[in-house]
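Close look at the chain arrangement
The chain contents come next:
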Amino acid sequence: MEQREAEDARRRHMARFGRRDTAPELALRRELHRRGRRFFVDRQVSRRCRVRPDLVFPRARVAVFVDGCFWHHCEEHTHLPKANAELWRRKVLANRQRDARNQAILTSEGWRVIRSWEHDDPAAVADRVEDELDRWTAILRRRPERVGRHRNRRGARCQLAPRLQSVTSSGSEPALTR
Ligand SMILES: [Zn+2]
């Protein structure tokens, strides 16, 4: 029942602090907006898990998470409360395991997952996001040569989806990449 305890703790935390629209999330959103990037916020992207990435770029299949230092256990800022230390340790560990599971599912479905910490510089995170989006653009640009000249743009794009998944999916890699 560890999982359930962790979920309960998470719900309590959300009720107290609110999961959405934390200051670091807002800073990243502002930065990307300023650079002309458009995206969805807090949206479920997979039927196999309920995880809702903080930012979603559906066309490029890029999902961005801004992880809180405490709940996702950043090495620099996590100081677990001394009381019930073992319980807290288990809760945070369960969170990290859930992060890894969810990320593996999204990756297997062709999403490129970008994880950042709330303590990260928003401009640096925005750079990483843009790198990923630019890779998509590069793939899209190369595509017409492969499908031939007679296919229209829309057709080419429909054809692209399955192939892109095989390009971007790194398979069964549950490790969290930052
Ligand atoms: Zn931190």
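Residues numbered from 1 in each chain as written. Predicted model: local features only at pLDDT ≥ 70, side-chain atom pairs only at ≥ 80, totals over all residues. Heavy atoms only, no water.

1. Things to note about the coordination of the zinc ion
Threshold: We call an atom a donor if it is N, O or S and sits within 2.8 Å of the metal, or 3.2 Å for Na, K and Ca. Water is not counted, so some sites may look partial. Geometry is assigned from donor-metal-donor angles: four donors are tetrahedral when every angle falls between 85 and 135 degrees, four are square planar and six octahedral when opposite donors sit over 155 degrees apart with all other angles between 65 and 115, and any other arrangement is irregular. Categorising residues by exposure relies on relative accessible area from a 1.4 Å probe, with only protein chains included: less than 20% of the type maximum marks a residue as buried, more than 50% marks it as exposed, and the intermediate range marks it as partly exposed.
Within the first shell, the zinc ion binds the protein through Cys69 (SG), Cys74 (SG), His77 (ND1) and His119 (ND1), at distances of 2.0 to 2.3 Å. For the zinc ion, the four donor atoms are set out with angles of 102 to 119 degrees between them, so the coordination reads as tetrahedral. Donor residues for the zinc ion, ordered by position in the chain, follow C-x4-C-x2-H-x41-H. Side by side, Cys69 and Cys74 carry an identical accessibility label, which is buried.

2. Quick word on the pairing of strand E3 (residues 62-67)
To keep it simple, the criterion reads: Helix numbering and strand numbering both begin at the N terminus, where a helix is a DSSP run of H or I of at least 4 residues and a strand a DSSP run of E of at least 2. Think of it this way: DSSP has to see at least two bridges between two strands before they count as a pair.
Burial analysis of E3 places six of its six residues in the buried class, the great majority of the element. Sheet topology places strand E2 (residues 55-57) next to E3; three bridges connect them, and they run antiparallel. Bridged to Val56 within E3 is Ala63. The hairpin turn running from E2 into E3, its antiparallel successor, is four residues long, and Arg61 in that turn takes a positive phi close to 55 degrees. For E3 and strand E4 (residues 112-117), the ladder comprises six bridges, and the chain directions are parallel. Residue pairing for E4: Val62 is matched across the bridge by Arg112.

3. Concerning the confidence of the model for the protein
Convention followed: A score from 0 to 100, pLDDT tells how confident the predictor is in each residue. Residues are treated as being in contact if the distance between any of their heavy atoms lies within 4.5 Å.
Taken over all residues, the pLDDT of the protein has a mean of 79, while the share at 70 or more is 69%. Counting contacts from residues 151-175, a segment whose pLDDT is below 50, to residues more than four positions away or on other chains yields 29 contacts.

4. Brief notes about the sheet that holds E4
Rules: Orientation is described by lines fitted to C-alpha atoms, with helices fitted over the stretch in contact, and by angles between N-to-C directions that extend from 0 to 180 degrees.
Pairing within the open sheet is mixed, and its four strands lie in the order E1-E2-E3-E4. Bordering the open sheet on either side are strand E1 (40-41) and E4, each of which pairs with just one other strand. The sheet contacts of helix H3 (residues 85-108) involve E3 and E4, and relative to E4 the element is tilted by about 150 degrees.

5. Some thoughts on H3
Two residues of an α-helix separated by three or four positions point the same way, owing to the 3.6 residues in each turn. Note the cut-off: Working rule for helices: expected span equals 1.5 Å times residues minus one.
In this model H3 runs 35 Å from its N-terminal to its C-terminal C-alpha over 24 residues, within 8% of the 34 Å that 1.5 Å per residue would give. What H3 keeps buried is the set Lys91, Val92, Ala94, Asn95, Arg98, Asp99, Ala100, Asn102, Gln103, Ile105, Leu106 and Thr107. Gly110, located one to two residues past H3, shows a positive phi value of around 90 degrees.

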